[in-house]
Amino acid sequence: MKYAIVNDHIINREEAKVDIEDRGYQFGDGVYEVIRVYNGKMFTVKEHMERFVRSAESIGIKIPYASENITKMLEDLIEKDNLKLGIVYMQITRGAAPRNHAFPAGDVVPVITAYTKEMPIPEANLQSGVKTILTEDIRWLRCDIKSLNLLGNILAKQKAAEQGCYEAIQHRGQDVTEGSSSNVYIVKNGTVITHESNNLILKGITKDVILKVCAENEIPVEERTFSLEELAQADEVFLSSTTSEVTPIVVIDEKKVGTGSPGPITKKLQALFKQEIENQCGII
Ligand SMILES: *Cc1c(COP(=O)(O)O)cnc(C)c1O
């Protein structure tokens, strides 16, 4: 795509440059968001902006622009790039300053960057489901922050990729937490179970939409920690994220989940999720 946002300007993407002492570049000192675009419209943009502010605040970065103004800029960027189906990636770092772990004193200015990318709906995965592996969750204890520091997540995803799998399901001891870039759910006897939103997982915007449609459609939900044993005994397993939507998990560590094909609750949630998209962004 041709354009990028740097702070409060839309510029040509080739002209968007990072200072070698930007703290995002040196320390991963910043936070980010990925927002889905359908029909040229951002889905759940308000929720993403709220989380962006919350993540930034939790590491002591004050975003120097109002959320409404950033949203307008993102809309302009999408229009200039003529993006219909894809994502917006946006991040903020603490800014550029001589290297020192402690926050720089005084007037360092945070750096916001954003760009768009075309991305199709992952129809094959949504239809057939994906394979996954299990891996110990080695991340820090503030996984609720959508931090630029993603080493734990990257290593987990790479391990999955090396085994021809789409995602790594992470666990702390016997407790399942989440995927490397997705939330994980099991279905048992018609109840959807997913890890409570605490410091050990990232509270997905997609997760919030799923919990909302469950409530509206009388699908019982338990937000609680579940074990590897419960995962192994589940009737259905699925994951969710902005780009993966509601993706069935049909294999975990080479073992079939349930019957080995996407289950009825997962399919129902896919249909309800699609309806939410269409309510906001029009028919897809
Ligand atoms: C972004 C992310 C998710 C999914 O969040 P969405 O808002 O639904 O895209 C889940 N887990 C991790 C670790 C993430 O970074």
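Residues numbered from 1 in each chain as written. Predicted model: local features only at pLDDT ≥ 70, side-chain atom pairs only at ≥ 80, totals over all residues. Heavy atoms only, no water.

- For the chain, an unreviewed UniProt entry supplies the name D-alanine aminotransferase and the organism Neobacillus mesonae.
- The chain has a UniProt comment under Catalytic activity (unreviewed entry) that states "D-alanine + 2-oxoglutarate = D-glutamate + pyruvate".
- Check the Cofactor (unreviewed entry) section of the UniProt entry for the chain; it says "pyridoxal 5'-phosphate". (UniProt positions renumbered as here; feature names shortened; annotations may be inferred.)

## Brief notes about helix H8 (residues 264-281)
Now for step 1: With 18 residues, H8 should reach 26 Å at 1.5 Å per residue; the first-to-last C-alpha distance of 26 Å fits that figure.
Now for step 2: Residue Gly282 follows H8 closely and has a positive phi angle near 90°. (Helix = DSSP H or I, 4+ residues; strand = E, 2+ residues; numbered from the N terminus. Expected span 1.5 Å × (residues − 1).)

## Considerations on the site of the ligand
Now for step 1: Near the ligand there are 16 residues, and of these Lys146, Glu178, Ile205, Thr206 and Thr242 occur at the shortest range.
Now for step 2: Protein contact buries 95% of the 380 Å² of open area that the ligand shows by itself. (Near = heavy atom within 4 Å. Areas by Shrake-Rupley, 256 points an atom, 1.4 Å probe, with all protein chains shown as cover.)

## Considering the packing of aromatic side chains
A ring pair, where both rings are aromatic, is described by two values, the distance of the centres and the angle of the planes.
Now for step 1: By the definition in use, this model includes five aromatic pairs.
Now for step 2: Positioned above the aromatic ring of Tyr3 is the side chain of Lys80, whose terminal nitrogen or guanidinium carbon lies 4.7 Å from the ring centre.
Now for step 3: Sitting over the ring of Tyr166, Lys157 keeps its end group 5.7 Å from the ring centre. (Phe/Tyr/Trp six-rings, centres within 6.5 Å; stacked < 30°, edge-to-face > 60°. Lys NZ or Arg CZ within 6 Å of the ring centre and 35° of its normal.)

## Digging into the environment of Tyr185
Now for step 1: In this structure, Tyr185 sits in strand E10 (residues 183-188).
Now for step 2: According to the relative accessible area criterion, Tyr185 is buried, its value standing at 0%.
Now for step 3: Separated by 50 residues in the primary sequence, Tyr185 and Asp235 have C-alpha atoms spaced 11 Å apart.
Now for step 4: Filtering out sequence-adjacent residues up to four positions away, Tyr185 remains in contact with Val192, Ile193, Thr194, Lys207, Ile210, Glu236, Val237, Phe238, Leu239 and Ser240.
Now for step 5: Side chain to side chain, Tyr185 and Ser240 meet in a polar contact 2.8 Å long. (Buried < 20%, exposed > 50% of the residue type's maximum accessible area, 1.4 Å probe, protein only. Contact = heavy atoms within 4.5 Å. Polar contact = N/O pair within 3.5 Å; in protein donor to acceptor, adjacent residues only side chain to side chain.)

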